[in-house]
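# Structural overview
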Amino acid sequence: MSAIIVQELLDKTKDFSLNETLVFLAEKFPGKVIFSTSFGQEDQVITDFIAKSNTDITIFTLDTGRLFQETYDVFHKTLKKYKRPIEVFFPEAAAVENLLKAKGPNSFYDSVENRKECCFIRKVVPLRKALAGNSVWITGLRAEQSENRQDLNLFEYDGNFEIIKFNPLLKWTLEEVENHLQENNVPQNALHKQGFVSIGCAPCTRAIFPGEDIRAGRWWWESSHKECGLHSAKKE
């Protein structure tokens, strides 16, 4: 059934603009379309589109407790510019307390398994809570961000979270993203001007060097797929 719905969405919206697709989804799934933002460049583009579309699409963010101050700054600026609420989901306090008690505050540096455990507690569990009961999850994924995202579709079914994903910027280039932000005076994270492209938790993110992969600044000490579990679900 999920595959049929995805194909219907692909067929119906193939000639739609991004704004037309947002309006269509909001009308087809009233009150059940949700957008997750981390206030990165791609997410700010989508926030701009959603705000201007004046649709009933919920915007939310995950506050892991380890974010950069610059991320909170752009969060605040975004609220002031668009005058629409952004829901916030936190990790379960007991789970964070138990993790720090057992392994300390920086266990994620010790192994990939430890890092994924931290990501699971601080990001995946809150995300499950945020997505529960919704039909469509809008993301800021772009194909050129990593090899893992090259085979994504505009619409797809996420079997892990049991929800349809909409990736509106999938084929956008970084240049197109930056042009939209500049032309529309969209708030941006100040860290982007300091070499940070993909921005996550403060202890797990660094600026990238010229010629490095766009995801090189995330968990830079690892030789891994550079994913936290939010967008690595099996497809059905």
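Above this text you will find the structure in question.
Everything in this summary refers to the structure shown in the same document. (Residues numbered from 1 in each chain as written. Predicted model: local features only at pLDDT ≥ 70, side-chain atom pairs only at ≥ 80, totals over all residues. Heavy atoms only, no water.)

## Quick word on the pattern of salt bridges
All told, the structure shown has 7 salt bridges when counted by the stated rule. Here Glu42 and Arg142 are joined by a salt bridge, their closest N and O atoms 2.8 Å apart. Linking Glu42 in helix H3 (residues 41–53) with Arg142 in the loop between strand S4 (136–138) and strand S5 (155–158), this pair joins segments that are 100 residues apart in sequence. In this pair, the class of Glu42 matches that of Arg142, namely buried. Arg142 is the salt-bridge partner of Glu144, the closest N and O atoms lying 2.6 Å from each other. Arg142 sits in the buried class, given a relative accessible area of 0%. Taken together, the salt bridges that share partners define one network made up of Glu42, Arg142 and Glu144. (Salt bridge = Lys/Arg side-chain N within 4 Å of Asp/Glu carboxyl O. Helix = DSSP H or I, 4+ residues; strand = E, 2+ residues; numbered from the N terminus. Buried < 20%, exposed > 50% of the residue type's maximum accessible area, 1.4 Å probe, protein only.)

## What to know about the packing of H3 against helix H4 (residues 69–82)
Packing of H3 against H4 leaves a shortest axis separation of 11 Å and a crossing angle of 20°. Classed by the angle they form, the pair H3 and H4 counts as roughly parallel. Here H3 runs over H4; the crossing is right-handed. Counted together, Gln44, Thr47, Asp48 and Ala51 of H3 and Val74, Thr78 and Tyr82 of H4 form the full contact between these two elements. For the contact of H3 with H4, the residue count by class is 3 nonpolar, 3 polar and 1 charged. (Axes fitted to C-alpha atoms, helices over the stretch in contact; angles between N-to-C directions. Parallel < 35°, antiparallel > 145°, perpendicular 65-115°, else oblique. Left-handed = near helix turned anticlockwise from the far one by under 90°. Contact = heavy atoms within 4.5 Å. Nonpolar A, V, L, I, M, F, W, Y, C, P; charged D, E, K, R; others polar.)

## Re the packing of helix H2 (residues 18–28) against H3
Contact geometry for H2 and H3: axes closest at 10 Å, N-to-C directions at 60°. Handedness of the crossing formed by H2 with H3: right-handed. Contacts from Leu18, Asn19 and Leu22 of H2 reach H3 at Phe49, Ile50 and Ser53. Its residues assigned to classes, the contact of H2 with H3 comprises 4 nonpolar, 2 polar and no charged.

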